[in-house]
Amino acid sequence: MVKNMKALRDALPVMFGYISVSIAFGIIAKDLIGLNAVLMSALVFAGASQFIALQMLMNKANWYLIVLTTFFVNLRHILMSTYLSRFYSNVSVVKRSLVSFGITDETFAIAVKRFREGKANWLYNLKLNAFCYISWVSGTLIGLLFGYLIPLSLVDVFSFCLVALFIFIATASVEKRFDVVVAVVAGIVAILLGSLPKGWNIILACLVGCLVGGVYEWRSQR
Amino acid sequence: MIFGMAVVTFLPRLLPMLKPIKPNLIMRYIPISIFSAIVFSELVTSDLKVLAGILTFLVAWRSKNMLLTIGFGIAVFYVLKSVV
């Protein structure tokens, strides 16, 4: 039913962006942690917090502070995992756990789009995550080994791929007029709270967006 | 350190998935809020990105084609970076 190719095709833009960003990660990580960068990408699989960890290592921060920061940066995955769980009520715990390891901003975005279209199941989601994971880990290795061959400016341009992806997904997930209101409100909140520690503005913007949406739903039901 | 990071990133991904809660009307707005928040907070990091982002949005809106949108986005960002 759900073929390999479909997951791969959907994953390609993300893989392209992940390779670019993870190559940059590998280049920066090389002198700080060497091959452990690959281990980090393989076990943590979370872009923003990995870059922050490098930054904190440069500033000689304590390891437990880095772990704590990582926790808060990725706390937003709770919201994504909560949302995705609605599609997993009839799926075994093992399968759910496997899929959940691969939840990122990007894989979440693609998976939600496909689930809403009725074109996804757990296996599709797992494959999608796996393809993106492979590109993230291998990009890190490429950056470590061959980073000196790749100009960082090029990496910067290609990483805009992920921003463009989110612009598309955000635009495509507008189903009714009020979604636009919620999107704009959440966006503005995210900007206004941009000075908070990384990750918090996304969580709070999402909560405000849901609150506004909830009030609207509540009023239109009465 | 890396193992600690691995644990604290995996748990927020895993735990809500293990206990599916009944979908409600508020949760419907989670994806759009997150997508929009990510886009807005990423774009405001530079003027070039704002401009490239607006143009990319127009293509996304009119074309409804993901690959076209992404290709256009990279191209326009590249051109803007080269020109400015």
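Residues numbered from 1 in each chain as written. Chains lettered and ligands numbered in written order. Predicted model: local features only at pLDDT ≥ 70, side-chain atom pairs only at ≥ 80, totals over all residues.

## Some words on the overall build of chain B
On a plain count of helices and strands, chain B comes out with four helices and zero strands. N-terminal to C-terminal, the α/β element order of chain B is α-α-α-α. Sorting the 84 residues of chain B into buried and exposed places 44% on the buried side. (Helix = DSSP H or I, 4+ residues; strand = E, 2+ residues; numbered from the N terminus. Buried ≥ 20, exposed ≤ 12 C-beta atoms within 10 Å, placed from the backbone.)

## Points about the overall build of chain A
For chain A, the helix and strand inventory stands at eleven helices and zero strands. Across chain A, helices and strands are ordered from the amino to the carboxyl terminus as α-α-α-α-α-α-α-α-α-α-α. In summary, chain A has a C-alpha radius of gyration of 18 Å against a globular reference of 17 Å for 222 residues, a match within 12%. Along the first, second and third principal axes, the C-alpha set of chain A runs to 60 × 45 × 35 Å. Burial status across chain A gives 50% buried among its 222 residues. Sequence separation of at least 24 residues holds for 75% of the intrachain contacts in chain A that already meet a minimum separation of 6. (Rg over C-alpha atoms; globule rule 2.2 N^0.38 Å. Contact = placed C-beta atoms within 7 Å.)

## Describing the interface of chain B and chain A
Facing 54 residues of chain B, the contacting portion of chain A comprises 71 residues. Sorting the residues of the side of chain B that touches chain A by element identifies helix 1 (2–18), helix 2 (30–43), helix 3 (47–63) and helix 4 (66–83) of chain B as the ones contributing at least two each. Sorting elements by how many residues they give to the side of chain B that touches chain A places helix 1 of chain B first, with 14 residues. For the side of chain B that touches chain A, the per-class residue count stands at 39 nonpolar, nine polar and six charged. (Nonpolar A, V, L, I, M, F, W, Y, C, P; charged D, E, K, R; others polar.)

## A short note on the domain arrangement of chain A
Residues and elements named next belong to chain A. Domain boundaries in chain A define domain 1 (4–173) and domain 2 (175–222). Taken over C-alpha atoms, the centre of domain 1 sits 24 Å from the centre of domain 2. With ten residues of domain 1 at the contact, the number on the domain 2 side is nine residues. Among the elements of the structure, helix 3 (47–58) and helix 4 (63–73) are those that each provide at least two residues to the side of domain 1 that touches domain 2. (Domains from an automatic or database assignment.)

## Some thoughts on unusual backbone geometry
Backbone phi values are negative for most residues with the exception of glycine, while trans is the configuration of most peptide bonds. Residue and element names in this part refer to chain A. Residue Phe45 is not a glycine yet carries a positive backbone phi of 50°. Looking at the secondary structure, you find Phe45 in the loop between helix 2 (36–44) and helix 3. A residue is classified by how many C-beta atoms lie within 10 Å of it, and Phe45, with 26 of them, is buried. The phi torsion at Lys60 lies on the positive side, around 60°, for a residue other than glycine. With respect to the helices, strands and loops of the structure, Lys60 is situated in the loop between helix 3 and helix 4. On the basis of neighbour count, Lys60 is assigned to the exposed category, with 6 C-beta atoms found within 10 Å.

## Section: helix 5 (residues 77–84) of chain A
Of all eight residues that make up helix 5 of chain A, six are buried, and the element is covered over most of its length. Within the span of helix 5 of chain A, buried status applies to His77, Leu79, Met80, Ser81, Tyr83 and Leu84 of chain A. Considering only its buried residues, helix 5 of chain A is in contact with helix 6 (93–101), helix 7 (105–116) and helix 11 (200–221) of chain A together with helix 1 and helix 2 of chain B.

## Details of helix 4 of chain B
Helix length check: helix 4 of chain B (18 residues) gives 26 Å between terminal C-alpha atoms against 26 Å at 1.5 Å per residue, within 8%. Along helix 4 of chain B, the residues that are buried comprise Met66, Thr69, Ile70, Phe72, Gly73, Ile74, Val76 and Phe77 of chain B. (Expected span 1.5 Å × (residues − 1).)

## Describing the packing of helix 3 of chain B against helix 4 of chain B
Residues and elements named next belong to chain B. For the pair helix 3 and helix 4, the least separation of the axes is 9 Å and the interaxial angle reads 155°. Taken together, the axes of helix 3 and helix 4 lie roughly antiparallel to each other. As for how helix 3 packs across helix 4, the hand of that crossing is right-handed. Contacts from Leu48, Leu51, Ala52, Leu55, Thr56, Val59, Ala60 and Ser63 in helix 3 reach Leu68, Thr69, Phe72, Gly73, Val76, Phe77, Leu80 and Lys81 in helix 4. Residue composition of the contact of helix 3 with helix 4, grouped by class: eleven nonpolar, four polar and one charged. (Axes fitted to C-alpha atoms, helices over the stretch in contact; angles between N-to-C directions. Parallel < 35°, antiparallel > 145°, perpendicular 65-115°, else oblique. Left-handed = near helix turned anticlockwise from the far one by under 90°.)

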